[in-house]
Amino acid sequence: MRISVIGTGYVGLITGTGLASKGHTVTCVDIDKEKVEKINKGISPIFEENLDEMLKKAIAKGNFNATLDIKNAIFNTELSFICVGTPSKDDGSADLKYVEAAAKSIGEALKEKDAYHLVIMKSTVIPGTTENVLIPILEKESGKKAGEAFGVCMTPEFLREGRAVEDFLNPDRVIIGQLDSKAGNLAKQVHETKDRPFLRTDLRTAEMIKYSSNAFLATKISFINEIGNICKKIGADTLQVSRGIGMDHRISPHFLRPGIGFGGSCFPKDVKALMHQASDDYDYKPKILNAVMEVNDDQPLRLIELAEKKLGDLNGKTAAILGLAFKAGTDDLRESRAIPIIHKLIEKGVKVQGYDPKAGETAKEEFGDKITYAQNIQEALKDADFCLITTEWPEFKNINFDGMKGKAVFDGRNILENRADVDYEGLCW
Ligand code: UDX
């Protein structure tokens, strides 16, 4: 099939190159000239395991390109994915300006196109958006009716950063929200993946499945963190508790790793957006989701409380922070739990020496010259009074702490293995 993908951010680029690797002919569209040029040269603007390779292969094969020209991309393809960003506004609601702009451009092109075209929403949008925002704009700009001249679907993505290529090629399931079965059949064809279950729903149900998935996983993390906080007080072994409950197939062992909480571009944003929609639009005050966020906000600061309990006033001390990215395997700092920790330490008069194998450069945008950026673990540890481990990078499993002035190490991710070498304390284990 000939496919256009609007937006070459994280989801767009993986969707585009992934579909090209399955043999489709793909045109990715973006408004950023520099990005388009980079992609056409086979350079991925973002770091993601195996993405560079998949992009280079697609370009070499000749069935993939990027362009600024959305009109031609719509004319020359049978279906379009909308993969633009939906950032959070200050009040937690989702900002739909990129979705609206993409819908307007697609609608304008559809006005001049005679053949049937399918528009698939892949951006994470709050339930009702495809029906209440996308379709009206498409209809207004094209002068045509959805379900007749063009089809509309909503197929959420469930890509984890660092594993996104694998998740795209081997999803657990494919959710297809459809306006009608003609559109759904075409969307199913393009998502065909061997041995994977499909679930076909209406548009807003598909949107809700995406939010509910993320909200549930976030809930599991805050749940195990709360249990971990209680275990630490009672003297029970949090990690064994996690393992023990995870053996129950109804619970499953996944997403039960205790620590300083969840960050990233999805969980915090999506939980907040769902809470916002429920309370502001439907006058329902979510209690569980509220508690999930509350636990997640407190959790990183507990690591500092542990340090204060052991070391007293931290003012004037030097801290080594190992890990700036929101999780291992990415250079992404968004909502990283290291951010509130570092800001709090700075506020308390602590000198921060940060290190991350991938996110050092991104971190400069967040912290500027308020902290120093080490090039390696040893540089971060040099003369530090204490060390906080904030991301589960494998290289933090075994560390030589000889260069530190103090001996106290506080682990927020349960990653350090050579614990006997230092005065070790885990966050909730
Ligand atoms: C997540 C979802 O997994 C994915 O399906 C969705 O499409 C986007 O959001 P991602 O943000 O890439 O993916 O990261 P994920 O691996 O899910 O981890 C999110 C955060 O939770 C990280 O900060 C991670 O450290 C934390 N986490 C995860 C825990 O603290 N404990 C766990 O057991 C699992």
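Residues numbered from 1 in each chain as written. Predicted model: local features only at pLDDT ≥ 70, side-chain atom pairs only at ≥ 80, totals over all residues. Heavy atoms only, no water.

Draft legend 1. The overall build of the protein, seen in detail. Per the secondary structure count, the protein includes 15 helices and 14 strands. Each principal axis of the C-alpha distribution contributes one length, and for the protein these read about 70 × 45 × 40 Å. Sorting the 429 residues of the protein into buried and exposed places 54% on the buried side. Of all intrachain contacts in the protein linking residues separated by at least 6 positions in sequence, the fraction that spans at least 24 positions is 69%. Of the roughly 19,300 Å² of accessible surface on the protein, a fraction of 51% belongs to carbon and sulfur atoms. A gap of 2 Å separates the mean positions of the 58 positive and 64 negative side-chain charges of the protein. (Helix = DSSP H or I, 4+ residues; strand = E, 2+ residues; numbered from the N terminus. Buried < 20%, exposed > 50% of the residue type's maximum accessible area, 1.4 Å probe, protein only. Contact = heavy atoms within 4.5 Å. Areas by Shrake-Rupley, 256 points an atom, 1.4 Å probe, with all protein chains shown as cover. Lys, Arg positive; Asp, Glu negative; His and termini not counted. Charge placed at Lys NZ, Arg CZ, Asp CG, Glu CD.)

Draft legend 2. Representation of the site of the ligand within the structure. In the neighbourhood of the ligand, 20 residues make up the surrounding shell, with Glu161, Arg257, Gly263, Phe326 and Lys327 lying closest. Note that an oxygen atom of the ligand is positioned 3.4 Å from one of the side-chain N or O atoms of glutamate 392. Relative to its unbound accessible surface of 660 Å², the ligand loses 95% to contact with the protein. If you tally residues by element for the shell around the ligand, the top one is helix H9 (residues 203-234), at 3 residues. (Near = heavy atom within 4 Å. Polar contact = N/O pair within 3.5 Å; in protein donor to acceptor, adjacent residues only side chain to side chain.)

Draft legend 3. Up close: the sheet that holds strand S9 (residues 318-322). Read across the open sheet, the 6 strands follow the order S11-S10-S9-S12-S13-S14; overall the sheet is parallel. Sheet topology places strand S11 (372-373) and strand S14 (423-426) at the edges, where each strand pairs with a single neighbour. Here 2 bridges tie strand S10 (residues 351-355) to S11, and the two strands are oriented parallel to one another. In the sheet register, glycine 354 faces S11, and the bridge partner there is tyrosine 373. Contacting strand S12 (386-389), strand S13 (408-411) and S14, helix H12 (residues 287-311) runs over the sheet at an angle of about 155° to S13. (Pairing = 2+ DSSP bridges. Axes fitted to C-alpha atoms, helices over the stretch in contact; angles between N-to-C directions.)

Draft legend 4. Local environment of the nonpolar core. Residues Leu322, Leu345, Leu381, Phe386, Cys387, Phe396 and Phe401 are the most contacted members of the largest nonpolar core, which totals 50 residues. If one sorts the elements of this core by residue count, helix H13 (residues 338-347) sits on top with 5 residues. Apart from the residues lying within four places of it in its own chain, the contact partners of phenylalanine 386 are Ala307, Leu311, Leu314, Lys317, Thr318, Ala319, Ala320, Leu345, Val350, Met404, Ala408 and Phe410. One finds Cys28, Ala66, Leu79 and Ile176 within the second-largest nonpolar core, a separate group that totals 34 residues. (Core = buried A, V, L, I, M, F, W, Y, C linked by side-chain atoms within 4.5 Å.)

Draft legend 5. The arrangement of the packing of helix H1 (residues 10-21) against helix H3 (residues 51-61) in detail. Closest axis-to-axis distance for the H1/H3 pair is 9 Å, and the angle between their directions is 50°. Judged by the angle between their axes, H1 and H3 are oblique. H3 is crossed by H1, and the crossing has left-handed handedness. Residues Leu13, Ile14, Thr17, Gly18, Ala20 and Ser21 of H1 form the contact with H3, whose own contacting residues are Leu51, Met54, Leu55, Ala58 and Lys61. Across the contact of H1 with H3, the residue classes tally to 7 nonpolar, 3 polar and 1 charged. (Parallel < 35°, antiparallel > 145°, perpendicular 65-115°, else oblique. Left-handed = near helix turned anticlockwise from the far one by under 90°. Nonpolar A, V, L, I, M, F, W, Y, C, P; charged D, E, K, R; others polar.)

Draft legend 6. Molecular detail of the packing of aromatic side chains. All told, the structure shown has 4 aromatic pairs when counted by the stated rule. Pairing phenylalanine 255 with phenylalanine 267 gives two aromatic rings, centres 6.1 Å apart and planes at 65°, and the pair type is edge-to-face. On the criterion of sequence distance, the pair formed by phenylalanine 255 in the loop between helix H10 (238-246) and helix H11 (267-282) and phenylalanine 267 in helix H11 is long-range, its members being 12 residues apart. The class for phenylalanine 267 is buried, based on a relative accessible area of 13%. Between the aromatic rings of phenylalanine 386 and phenylalanine 410, the centroid separation amounts to 6.4 Å while the plane-to-plane angle is 75°, which identifies the pairing as edge-to-face. Taken as a pair, phenylalanine 386 in strand S12 and phenylalanine 410 in strand S13 lie far apart in primary sequence, 24 residues in all. Overall, the relative accessible area of 0% leaves phenylalanine 386 in the buried class. The class of phenylalanine 410 is buried, set by a relative accessible area of 0%. (Phe/Tyr/Trp six-rings, centres within 6.5 Å; stacked < 30°, edge-to-face > 60°.)

Draft legend 7. The domain arrangement of the protein, seen in detail. Domain annotation for the protein reports domain 1 (2-201), domain 2 (211-298) and domain 3 (301-426). The partner domain 2 presents 9 residues to the 13 residues of domain 1 that form the contact. For the pair domain 1 and domain 2, the summed buried area comes to about 980 Å², and 53% of that belongs to carbon and sulfur atoms. For the domain 1 face of the interface with domain 2, the top three residues by lost area are Thr124, Ile126 and Pro127, together amounting to 39%. Joining domain 1 to domain 2, the criterion identifies 0 salt bridges. Our count for the domain 1 to domain 2 interface comes out at 5 residue pairs in polar contact (both at pLDDT 80 or more). Partitioning the side of domain 1 that touches domain 2 into residue classes produces 5 nonpolar, 5 polar and 3 charged. (Domains from an automatic or database assignment. Buried area = accessible area lost by both parts, 1.4 Å probe. Salt bridge = Lys/Arg side-chain N within 4 Å of Asp/Glu carboxyl O.)

Draft legend 8. How the structure looks around a negative patch on the surface. A cluster of acidic side chains, namely Asp90, Asp91, Asp280 and Asp281, defines a negative patch on the protein surface. By the element assignment, aspartate 280 lies in helix H11. (Patch = residues over 30% accessible without salt bridge, like charges linked within 9 Å, V, L, I, M, F, W, Y side chains within 5 Å.)

Draft legend 9. Representation of the pairing of strand S4 (residues 79-82) in the model. Side chains of S4 alternate between two faces, with Leu79 and Phe81 and Ser80 and Ile82 buried alike. Bridge analysis of strand S1 (residues 2-6) against S4 gives 4 bridges, and the strand direction is parallel. When the bridges of S4 are listed, isoleucine 6 appears paired with isoleucine 82. By the bridge criterion, 4 bridges tie S4 to strand S5 (residues 117-121) in an arrangement that is parallel. Following the sheet pairing, serine 80 is matched in S5 by valine 119. Where the polypeptide runs from S4 across helix H5 (residues 97-111) and back to S5, its parallel neighbour, the crossover connection is right-handed. (Right-handed = clockwise from strand over helix to strand, strands pointing away.)

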